[in-house]
Amino acid sequence: ELLGFTPLSDEGKVEALAAFSQNHVHYLYDDLIKNTNIDKCIITFNDDMNNIFDDQYIAKLLKKNKKEDIAFSVQKYLEDVMLKYVKQILKELKTDTLILCGGVAANVIMNKKIFDNITEKLYVFPAMGDDGLAAGAWSLCANENGIKHDVLEKSMPYYGTSFSRNDTLEVLKQYSKVIIFKELGNDFHLTIAELVSAKQIGALFMGRMEYGPRSLGNRSIIADVRDTNIHKKMNLEIKKRPEFQPFCPSILLDEQERLFDNSYFNKHMTCAFKLKDEYIDIIPGVSHVDKTARVQFVSKDTNEDLYKILKEVKNIIGFGALINTSFNKHGRTIVNTPNDAITDFIDTDLDFLFINGFLIKRIK
């Protein structure tokens, strides 16, 4: 809120803004650190924490510091506290395996620091916020009743709603005055790859909706990773959001070692990794200003249709990679129904929409 964002909505923007600075506000960082205590597996905060951000303190922060530096200070505080906390937890529990959940686990740069510096045995639950509580309750009950957890993992995280061809067709007919559509055959993966490789920005609506805050191919906006202006174009023209926010890529698992210095098979965009320097200018759409990318690595087993699209993209441009961001106009929820999808398609400057077998374009 101090930085001009909306609480309980824009927290990710603070993390994105932090990447534009390497200068932390020392007194802000120091005040946060000295009022945070770690004792074994417990974090506590001093009473003074509630009194730090009074009107006078905030006025001083805003008058003397850039917003990027304030964001970086808070990000640095989070990383430093969490690294110390995680080290303590693993030491107390005598393990090197770490599973993270809770809203703070959505901070992919923090997760990267944990992966790089503490343990490579890291798993971040894809619905890391409050929406993951249901799965936690299920897991506890399953464990108590002798049910194996791989039942939950097999289709992770595609647990949401889906719609039939006929459901979709009925909705499309309602918009016949503003859209044209045709049904694609089994080679739709190639058609989508060709459109995106020709610098068209499109949306995917297929299969079951993703569970959690990340779009992972089934409710996604996709674009060409080679376009140097793609971040600006998608932020200002498509998503209608601040220009500094990065976009994340979906990348074939086969490309993991080729493109990244140090990474693991992250299927859910829950951790950032550093792109190798030699690819920064070749596929600039993949990385943020700090050269990191919050990647979804895709195999045939995790999302077969997205995998096939990426394979076709690789055949055309040489890289099995696409920009992949949530299918929604900024300020709206991720599309859930075919009607949502067509409404957001019409209200943005998207070039095409692929929805449950149908290719949609506007009537010009």
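Okay, so let's go over this structure.

Before going further, it helps to examine empty space enclosed by the protein. A full pass over the atoms with the stated rule returns one cavity of 30 Å³ or more. Volume-wise, the largest cavity comes out at about 30 Å³. As for the largest cavity, its lining consists of Met 156, Pro 157, Tyr 158, Leu 216, Lys 267, His 268, Gln 296 and Thr 302. Looking at the lining of the largest cavity residue by residue, the classes come out as four nonpolar, three polar and one charged.

The next subject is helix H6 (residues 108–117). With respect to burial, H6 is a largely interior element, seven of its ten residues being buried. Within H6 the residues assigned to the buried category are Val 108, Ile 109, Met 110, Asn 111, Lys 112, Ile 114 and Phe 115. For H6, the elements touching its buried residues are helix H1 (11–18), helix H5 (67–93), strand E3 (97–100), strand E4 (121–124), strand E9 (272–274) and strand E10 (292–294).

Scanning the entire structure with this criterion turns up 18 salt bridges. Here Arg 165 and Glu 183 are joined by a salt bridge, their closest N and O atoms 2.9 Å apart. Taken as a pair, Arg 165 in helix H9 (residues 165–174) and Glu 183 in strand E5 (residues 179–183) lie far apart in primary sequence, 18 residues in all. Overall, the relative accessible area of 44% leaves Glu 183 in the partly exposed class. For Lys 314, the salt bridge goes to Glu 255, with nearest N and O atoms at 3.6 Å. Remark: Glu 255 occurs in the loop between strand E8 (248–252) and helix H12 (256–259) and Lys 314 occurs in helix H13 (residues 304–317); sequence separation between them is 59 residues. On the basis of relative accessible area, Lys 314 is assigned to the partly exposed category, the value being 29%. In the salt-bridge network here, residues are joined through shared partners; they are Asp 261, Lys 274, Asp 277 and Lys 291.

Here we take up the sheet that holds strand E6 (residues 202–205). Each strand in a sheet pairs with another by means of backbone hydrogen bonds, the pair being arranged parallel or else antiparallel. In space, the eight strands of this open sheet follow the order E5-E14-E13-E6-E7-E12-E8-E11, with mixed pairing throughout. For this open sheet the edge positions go to E5 and strand E11 (296–298), each flanked by a neighbour on one side alone. For this sheet, the mean inter-axis angle between neighbouring strands, taken without regard to orientation, is 30°. Pairing between E5 and strand E14 (residues 358–362): five bridges, direction antiparallel. Bridging across to E14, Ile 180 finds its partner in Lys 361. In the packing of H13 onto the sheet, the strands contacted are E6, E8, E11 and strand E12 (321–326), and the crossing angle to E8 comes to about 85°. Here helix H14 (residues 338–347) sits on the sheet in contact with E5, E6, strand E13 (352–355) and E14, set at roughly 170° to E13.

Right, let's get into the packing of helix H2 (residues 26–34) against H5. Across the interface, H2 lies against H5 with an axial gap of 9 Å and an inter-helix angle of 30°. Between H2 and H5, the angle is such that the two are roughly parallel. Handedness of the crossing formed by H2 with H5: right-handed. Only Ile 70, Ser 73, Val 74, Lys 76, Tyr 77, Asp 80 and Val 81 of H5 make contact with H2, whose side of the interface consists of Leu 28, Tyr 29, Leu 32 and Ile 33. In terms of residue class, the contact of H2 with H5 is built from eight nonpolar, one polar and two charged.

We now examine H14. Quick reminder: α-helices carry 3.6 residues per turn. Residues three or four places apart thus point the same way. Within the sequence span of H14, burial applies to Pro 338, Ala 341, Ile 342, Asp 344 and Phe 345. Taken down its axis, H14 places every buried residue within 165° of arc, on the same side. Check the buried side of H14 and you find it contacts H9, E5, E6, E13 and E14.

A separate point is the environment of Asn 143. Looking at where Asn 143 falls in the secondary structure, it is placed in helix H7 (residues 133–144). Exposure remark for Asn 143: the relative accessible area of 52% places this residue in the exposed category. Measuring from C-alpha to C-alpha, the distance between Asn 143 and Asn 315 comes to 44 Å, with 172 residues separating the pair along the chain.

Attention now moves to the packing of H9 against H14. Relative placement of two packed helices is described by the angle separating their axes and the distance separating the axes. H14 packs onto H9 with a crossing angle of 40° between their chain directions and a minimal axis gap of 9 Å. Taken together, the axes of H9 and H14 lie oblique to each other. Where H9 crosses over H14, the two elements pack in a sense that is right-handed. Facing H9, whose interface residues are Thr 168, Val 171 and Leu 172, H14 presents Pro 338, Asn 339 and Ile 342. Class assignment for the residues of the contact of H9 with H14 results in four nonpolar, two polar and no charged.

Conventions and cut-offs
Residues numbered from 1 in each chain as written. Predicted model: local features only at pLDDT ≥ 70, side-chain atom pairs only at ≥ 80, totals over all residues. Heavy atoms only, no water. 1 Å grid on protein atoms, 1.4 Å probe; cavity = no way out; pocket = protein on both sides within 12 Å on 5 of 7 lines; lining within 4 Å. Points joined across faces, edges and corners; volume = space filled by probe spheres on them. Nonpolar A, V, L, I, M, F, W, Y, C, P; charged D, E, K, R; others polar. Buried < 20%, exposed > 50% of the residue type's maximum accessible area, 1.4 Å probe, protein only. Helix = DSSP H or I, 4+ residues; strand = E, 2+ residues; numbered from the N terminus. Contact = heavy atoms within 4.5 Å. Salt bridge = Lys/Arg side-chain N within 4 Å of Asp/Glu carboxyl O. Pairing = 2+ DSSP bridges. Axes fitted to C-alpha atoms, helices over the stretch in contact; angles between N-to-C directions. Parallel < 35°, antiparallel > 145°, perpendicular 65-115°, else oblique. Left-handed = near helix turned anticlockwise from the far one by under 90°. Arc of directions from axis to C-beta.

Honestly, it's all geometry; don't read function into it.
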